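# Structural characterization, general
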Amino acid sequence: MNDKIIITVAVTGSFPTKEMNPAVPYTPAEIADAAVESYKAGASIAHIHVRDPETGKPDFKVDLFKEVLDRIREKCDMVVNLTTSGLRLTGPDAIVKRLQPVYLRPDICSLDLGSMNFHDRVFNNPPEWSVAAAKCMQENSVKPEIEVFEPGHIRQAIDLIQKGLLDDPPYFQLCMGVKWGIEASPESLLFMRRLLPEKVRWSVMGTGKDQLTMVAMGILMGGNVRVGFEDNIYLSRGVLAKSNAQMVEKTADLAERLGRGVANPQEARSFLGIG
Ligand code: MG
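Described below are features of the structure shown in this document. Remember, predicted model here, so these are calculated numbers, not experimental data. (Residues numbered from 1 in each chain as written. Predicted model: local features only at pLDDT ≥ 70, side-chain atom pairs only at ≥ 80, totals over all residues. Heavy atoms only, no water.)

Turning next to the sheet that holds strand β9 (residues 143-148). Taken in spatial order, the eight strands line up as β1-β2-β5-β6-β9-β10-β11-β12 and close into a barrel, and their pairing is parallel. Here the strands of the sheet are splayed against their neighbours by 25° on average, with no regard to which way each runs. Docked against the sheet, helix α4 (residues 127-139) engages β6 (108-112) and β9, running at close to 165° with respect to β6. (Pairing = 2+ DSSP bridges. Helix = DSSP H or I, 4+ residues; strand = E, 2+ residues; numbered from the N terminus. Axes fitted to C-alpha atoms, helices over the stretch in contact; angles between N-to-C directions. Contact = heavy atoms within 4.5 Å.)

Next comes the structure, spelled out in C-alpha cells:
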C-alpha cells in the first residue's frame, strides 16, 4: 500500500438535496467548483455525478459531464472519476447510455459489478453490463474504480481480473453502509479487505454517521478514503458541513495526525497506474 493517502471527494451523488443541505452542488459550475475547492483542501480525486441544473434531480446527460470535466481540468490537475452507475437509466439501451462518460476520457470511471436492492430501487448490474463496461474502459484507457457493496461483488471482480478485463493494479472502492449492502462496521471492513486479491489499491467510504468511522479505519489500515456530500451531509454530529472541502480538510488533518501524508494528483495517478 502507498504511504500517502488518496482522498476522493464525491461532491454531489444523486441523493442529497439543497433542502437537506444548501451547500449541495447542482449545476456543472457548482459541481466543478466544489471539486476544485476540495482539491485545494487535499482531495486528489473527484467522483462526479451530474444533476439537472434547474431542478437538482439526478441527470445523466453527457454534455453535463463534459462541462464539469472541462471546468475542473481548466483549473487543476485533479484526477476526475465520472460515474457510470446510471441508477435511473432503464431499457434496452441502458448499457450504451451508461457508458457515454467513458468516451469523454476522464482518468477514472466507476464500475459497478453486482445487482442489488439500493435504497428504494433495484441497482441493475447484470453480467453482460460488467463485461461490456470493463472492456469499454480497457479499450479507452480509462481506469475502472470497482465499486463493491457486498462480498459477492468482490468475487465478480476477481472473475473479471482472471479474464484479463481489469488492468493492474485493480482499484476497489469498498462502499460500506449503503442500503441494502453490507453494513459499515469495523468487522465488516476487515472482512471485505481480506477478500480482496493481492496487489490491489483500495479505498473505503461509509454513509451518514459511519463516514468518520470508515475514514478512520481506512487511514489506519493503509487504504485510501472517500468523503463528500454523496455519502454524508454532516461534518460532525448534528452539524451540517458547509462544503465538501470542509470534509476533505477534516480528513486530511486526521490522516496527517495518524502519520499518513496526503497524496497529490500526480502521486495518486502513479499509485493507481494511470498513465
Ligand atoms: Mg457515485
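Think of an α-helix as 3.6 residues a turn; residues three or four steps apart then line up on the same face. Its 14 residues place the ends of helix α2 (residues 62-75) 20 Å apart at the C-alpha level, agreeing with the 20 Å of an ideal helix rising 1.5 Å per residue. Listed as buried for α2 are Leu 64, Phe 65, Val 68, Leu 69 and Ile 72. The buried residues of α2 occupy an angular sector of 130° when the element is viewed end-on, so they sit on one face. Pointing more than 90 degrees away from the buried face of α2 are the exposed residues Asp 63 and Glu 74. Check the buried side of α2 and you find it contacts α1 (28-41), β2 (45-48), β3 (50-51), β4 (58-59) and β5 (79-82). (Expected span 1.5 Å × (residues − 1). Buried < 20%, exposed > 50% of the residue type's maximum accessible area, 1.4 Å probe, protein only. Arc of directions from axis to C-beta.)

Within the secondary structure layout, Thr 12 lies in the loop between β1 (7-10) and α1. Between the C-alpha atoms of Thr 12 and Glu 187, which are 175 residues apart in sequence, the distance is 28 Å. Beyond its immediate chain neighbours, meaning those up to four positions away, Thr 12 contacts Val 24, Pro 25, Ile 31, His 49, Arg 51 and Glu 230. At a separation of 2.8 Å, a polar atom in the side chain of Thr 12 contacts the main-chain carbonyl oxygen of Pro 25. (Polar contact = N/O pair within 3.5 Å; in protein donor to acceptor, adjacent residues only side chain to side chain.)

Bringing the pairing of β9 into the picture now. Of all six residues in β9, six are buried, a share of seventy percent or more. Burial along β9 is two-sided: Lys 143, Glu 145 and Glu 147 facing one way and Pro 144, Ile 146 and Val 148 facing the other are all buried. Across five bridges, β6 lies against β9 in parallel orientation. Looking at β9, one finds that Ile 108 is bridged to Lys 143. In terms of strand pairing, β9 meets strand β10 (residues 171-176) through four bridges, oriented parallel. By the bridge assignment for β10, Val 148 is matched with Leu 174. A crossover connection joins β9 to the parallel β10 through helix α5 (residues 151-162); in handedness this β-α-β unit is right-handed. (Right-handed = clockwise from strand over helix to strand, strands pointing away.)

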